[in-house]
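Descriptive analysis of the structure
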Amino acid sequence: MEKSEKQYRYAEWLSADEMHRESLDWLSELHFCADEQTFLNGLVKSYTLQLTDKSIFAKSKKLVTELLDHEKELVKLLELVQAHERLLQIMIDDIDQIKMEKAYVETHIDLTKDIHRYLVGYRDLKKKMFSLLSGIMRSQKQKRLLN
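Residues numbered from 1 in each chain as written. Predicted model: local features only at pLDDT ≥ 70, side-chain atom pairs only at ≥ 80, totals over all residues. Heavy atoms only, no water.

1. Describing the overall build of the chain
Looking only at helices and strands, the chain has five helices and zero strands in total. Across the 147 residues of the chain, 31% fall into the buried class. (Helix = DSSP H or I, 4+ residues; strand = E, 2+ residues; numbered from the N terminus. Buried < 20%, exposed > 50% of the residue type's maximum accessible area, 1.4 Å probe, protein only.)

Set out below in structure tokens:
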């Protein structure tokens, strides 16, 4: 006879104020990421010719594709967080809606994980992009000094 093991999950019940503050922090971080992506897109446009060099084309194409994917994911996350923030009313309306409140908290926990995963991946991508672009800039500077 197989023994079924129950998996318990600890979920902290956050206050509405805490979830509101966390949502605002997310929005701030995500808007900052959007600004950074605009900057990175500008760099990519400025160095398009160098990025298409055959020695780095495969790497640069992969990174640019990842950047575009992150941009699309960022738009979705921003929309999710904004919608989540608008639904905060469920938590503060003095009406006991246990199922809806529980669903809201679970959504908040899921968003916490999604945003953390996104930010970790985005930071990694950003490091790779800056490494690639700074290498291009260094090589161009050396070429100018030699001429």
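2. Re helix H3 (residues 57–86)
With 30 residues, H3 should reach 44 Å at 1.5 Å per residue; the first-to-last C-alpha distance of 43 Å fits that figure. Every buried residue of H3 is accounted for by Ser60, Leu63, Glu66, Leu67, His70, Leu74, Leu77, Leu78, Val81, His84 and Glu85. (Expected span 1.5 Å × (residues − 1).)

3. Some words on the packing of aromatic side chains
Tallying each qualifying case throughout the model produces two aromatic pairs. Measuring from ring centre to ring centre gives 6.5 Å for Phe39 and Phe130, while their planes differ by 45 degrees; the resulting arrangement is tilted. Here Phe39, found in helix H1 (residues 16–46), pairs with Phe130, found in helix H5 (residues 98–146); they are 91 residues apart in sequence, far enough to count as distant. On the accessibility criterion, Phe39 (48% relative accessible area) is partly exposed. (Phe/Tyr/Trp six-rings, centres within 6.5 Å; stacked < 30°, edge-to-face > 60°.)

4. Things to note about the packing of H1 against H3
Packing of H1 against H3 leaves a shortest axis separation of 10 Å and a crossing angle of 155 degrees. The orientation of H1 relative to H3 falls into the category roughly antiparallel. Both H1 and H3 take part in a crossing whose hand is left-handed. Tallied by class, residues from the contact of H1 with H3 come to 14 nonpolar, eight polar and two charged. (Axes fitted to C-alpha atoms, helices over the stretch in contact; angles between N-to-C directions. Parallel < 35°, antiparallel > 145°, perpendicular 65-115°, else oblique. Left-handed = near helix turned anticlockwise from the far one by under 90°. Nonpolar A, V, L, I, M, F, W, Y, C, P; charged D, E, K, R; others polar.)

5. Describing the environment of His31
Inspection of the secondary structure puts His31 in helix H1. Spatially, the C-alpha atom of His31 lies 9.7 Å from that of Val75, the residues being 44 residues apart in sequence. Those residues in contact with His31, other than ones at most four positions away along the chain, are Leu78 and Gln82. (Contact = heavy atoms within 4.5 Å.)

6. As for H1
For H1, built from 31 residues, the straight-helix expectation of 45 Å at 1.5 Å per residue is met to within 8% by its first-to-last C-alpha distance of 45 Å. For H1, the full list of buried residues reads Ala16, Met19, Ser23, Trp26, Leu27, Leu30, Cys33, Glu36, Gln37, Leu40, Leu43 and Val44.

7. Let's talk about the pattern of salt bridges
Applying the stated criterion to the full structure yields five salt bridges. Note that Glu66 is salt-bridged to Lys62, the shortest N-O span being 3.7 Å. Here Glu66 pairs with Lys62, and both are found in helix H3, just four residues apart, close to one helical turn. (Salt bridge = Lys/Arg side-chain N within 4 Å of Asp/Glu carboxyl O.)

8. Some words on the nonpolar core
Of all hydrophobic cores here, the largest spans 25 residues; its most connected members are Leu30, Val81, Ile115, Tyr118, Met129 and Leu133. Contributions of two or more residues to this core are made by H1, H3 and H5. In terms of residues, this core owes the most to one element, H5, which gives ten residues. When near neighbours in sequence (up to four residues on either side) are disregarded, Leu133 contacts Leu43, Tyr47 and Leu51. (Core = buried A, V, L, I, M, F, W, Y, C linked by side-chain atoms within 4.5 Å.)

9. As for the environment of Gln89
Relative to the assigned elements, Gln89 resides in helix H4 (residues 89–92). In this structure Gln89 comes out as partly exposed when scored by relative accessible area, which is 47%. Expressed as a C-alpha distance, the spacing of Gln89 and Glu101, which sit twelve residues apart in the sequence, is 9.9 Å.

10. Describing the side chain of His70
By the element assignment, His70 lies in helix H3. Setting aside residues no more than four positions away along its own chain, His70 makes contact with Gln37, Tyr118, Gly121, Tyr122 and Leu125.

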